Amino acid sequence: MVPVAQHLAACLELVRPLSPLDVALRDALGCVLAEDVVSPRALPAFDNSGMDGYAVKLRDVEGAAEDAPVRLPVVADIAAGATHPVRLTSGTTARIMTGAPLPTGTEAVVPVEWTDRGVSQVLVRKVPQPGQHLRRAGEDVAAGTVVVEAGTRLEPRHIGVLAAVGRARVRVRPRPRVVVVSTGTEVVEPGAALGHGQLHDANGYLLTAAAEDVGALAYRVGVVADDPAELTAVLDDQLVRADVVVTSGGVSEGAYDTVKEVLSATSDVTFTRVAMQPGMPQGAGVLGEQRIPVFTLPGNPVSAFVSFEVFVRPALRRMLGAVGPDSQRPRVRCTAEEGWSSPPGKEQYVRASWRRDADGRLLVRPVSGHGSHLVTALAHATCLAVVGVGVSRVEVGDDVECLLLGPLPQALA
């Protein structure tokens, strides 16, 4: 058996970051930014009002109160988008809308709720603080500031910032196209009635969702039976739209392990036994003239999931441009709340749940047994507790490294 780190290194050698593309901002969601985006101008670009109200000089509303309002003539009406500059003179006010450019000389904006809402003249019943409800040019960001860094996976909040600084197009690494193939004559589509010895295709949906969660464009192919000709035809047909192929099932030592049989004969794929539990049988290599990377994962759902997290996820992250720790799930050290056994010759990945106790300690406990067919516990797992080679048992109180199945909480960052 080969160590986990050795097989991971072999998987990463198969992939390279995808070449950047210049895309319309509307198409950039989910892609990884390949450039630092610098704001060409200050935000806000001009002084503007943070409220609907009245622009004033402070000395003109001094002493204003509910029982002694100050009356001012309204000399301008300024809407958002107004293009003509206005100068505020002493003893006057201008009605102004939220986001509208401030008149020169404005020292505060009186909210409309503090007035009688007058149009030609207005009664002001409360004195604002100096600078109240004024948005100054550049208080959000100065011109020349990096607003989104290269390597950022673009989410809706980033798209909004990029639009705000005027970018219609951005340079990104495209989302890798991942074709997911489930194999097994016993596997049928969810929703179909199960016959004797049959099971629903959990792997296809699980791995497709996992690939999309990384940021890839994932295509689930219908279940392929344990038939060499059918599998060969499906793979040949799918390579045209694939940057990566991920299969599940058919990689062990059985008589009907079709993936191993077909790819061993026709492709540059290496099959190996990795010193890990679950997920020992693995394969990785390339397919076709275009040498499309392929990762062949075990058929048991938990084995497939763990294999994806340990080997495929880092490979996809690398294709998206992530390097080093950014290509991995975050890891934290936790204290075991329960004990469990571990095969000493393998690196063990235990479905587990972690929490923080009242004293701030990070604690972890398993959420199921070790069987790779026990899939429902995945829904309750928040991490994979990683037990190193050579350890036969984890005792209560032991320090355990945990691979988090989600983003690192801000409190732990």
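Only a predicted model underlies this, so the values are computations on that prediction, with no experimental measurement involved.

(A) Structural detail: the environment of Glu155. If you trace the backbone, Glu155 turns up in the loop between β11 (146-148) and α2 (156-164). For the pair Glu155 and Ala28, spaced 127 residues apart in the sequence, the C-alpha separation amounts to 8.8 Å.

(B) Just the nonpolar core, in detail. Membership of the largest hydrophobic core comes to 39 residues, with the highest contact counts inside it found for Phe295, Phe308 and Leu316. Taken together, the elements giving at least two residues each to this core come down to α1 (4-13), β13 (177-183), α3 (202-214), β17 (244-248), β21 (292-297), α6 (301-319) and β26 (383-387). The contact partners of Phe295, leaving out residues within four places of it in the chain, are Cys11, Leu14, Val15, Val244, Val245, Val246, Thr247, Gly283, Ala284, Val312 and Ala315. Counting 19 residues, the second-largest nonpolar core is a separate cluster that includes Val179, Leu235, Val251 and Leu287.

(C) A look at helix α4 (residues 228-238). Those residues of α4 that fall on the buried side of the exposure criterion are Leu231, Val234, Leu235 and Gln238. Buried positions in α4, seen along its axis, are confined to an arc of 95° and lie on one side of it. Seen from the open side of α4, the exposed residues pointing more than 90 degrees away from its buried face are Ala229, Asp236 and Asp237. Taken together, the buried residues of α4 touch β13, β16 (217-224), β17 and α5 (258-266). The backbone nitrogen of Ala229 has a side-chain oxygen 3.2 Å away, supplied by the residue at the start of α4, namely Asp227.

(D) Representation of the side chain of Thr152. Its location among the elements puts Thr152 in the loop between β11 and α2. Note on Thr152: relative accessible area 19%, which makes it buried. Among the polar contacts made by the side chain of Thr152, one reaches the main-chain carbonyl oxygen of Glu149 at a distance of 2.7 Å. Setting aside its immediate chain neighbours within four residues, Thr152 contacts Cys31, Val32, Leu33 and His158.

(E) Focus on the pairing of strand β20 (residues 281-287). Counting buried residues in β20 gives 7 out of 7 residues, a clear majority hidden from the surface. One ladder, built from 6 bridges, connects strand β18 (residues 268-273) with β20; its direction is antiparallel. Within β20, the residue paired with Asp268 across the bridge is Val286. Where β20 meets β21, 5 bridges bridge the pair, whose relative direction is antiparallel. The partner of Gly283 across the bridge, within β21, is Thr296. Hairpin connection between β20 and β21: a loop of 4 residues separates the two successive antiparallel strands, and Gly288 in this loop has a positive phi of roughly 70°.

(F) View of the sheet that holds β21. Read across the sheet, 6 strands follow the order β16-β13-β17-β21-β20-β18 without closing on themselves; strand pairing throughout is mixed. Of all the strands in the sheet, the pair left with one neighbour each is β16 and β18. Neighbour-to-neighbour, the strand axes of the sheet open up by a mean angle of 15°, direction not taken into account. Of the pairings in the sheet, the one linking β17 to β21 comprises 4 bridges and is parallel in character. Bridging from a neighbouring strand, Val245 pairs with Val294 of β21. Across the sheet, α1 is in contact with β18, β20 and β21; its angle to β20 comes to roughly 20°. Packed onto the sheet, α4 meets β13, β16 and β17 and runs at close to 160° relative to β16.

Calculation criteria
Residues numbered from 1 in each chain as written. Predicted model: local features only at pLDDT ≥ 70, side-chain atom pairs only at ≥ 80, totals over all residues. Heavy atoms only, no water. Helix = DSSP H or I, 4+ residues; strand = E, 2+ residues; numbered from the N terminus. Core = buried A, V, L, I, M, F, W, Y, C linked by side-chain atoms within 4.5 Å. Buried < 20%, exposed > 50% of the residue type's maximum accessible area, 1.4 Å probe, protein only. Contact = heavy atoms within 4.5 Å. Arc of directions from axis to C-beta. Polar contact = N/O pair within 3.5 Å; in protein donor to acceptor, adjacent residues only side chain to side chain. Pairing = 2+ DSSP bridges. Axes fitted to C-alpha atoms, helices over the stretch in contact; angles between N-to-C directions.

Purely spatial values, then, with no claim about function.
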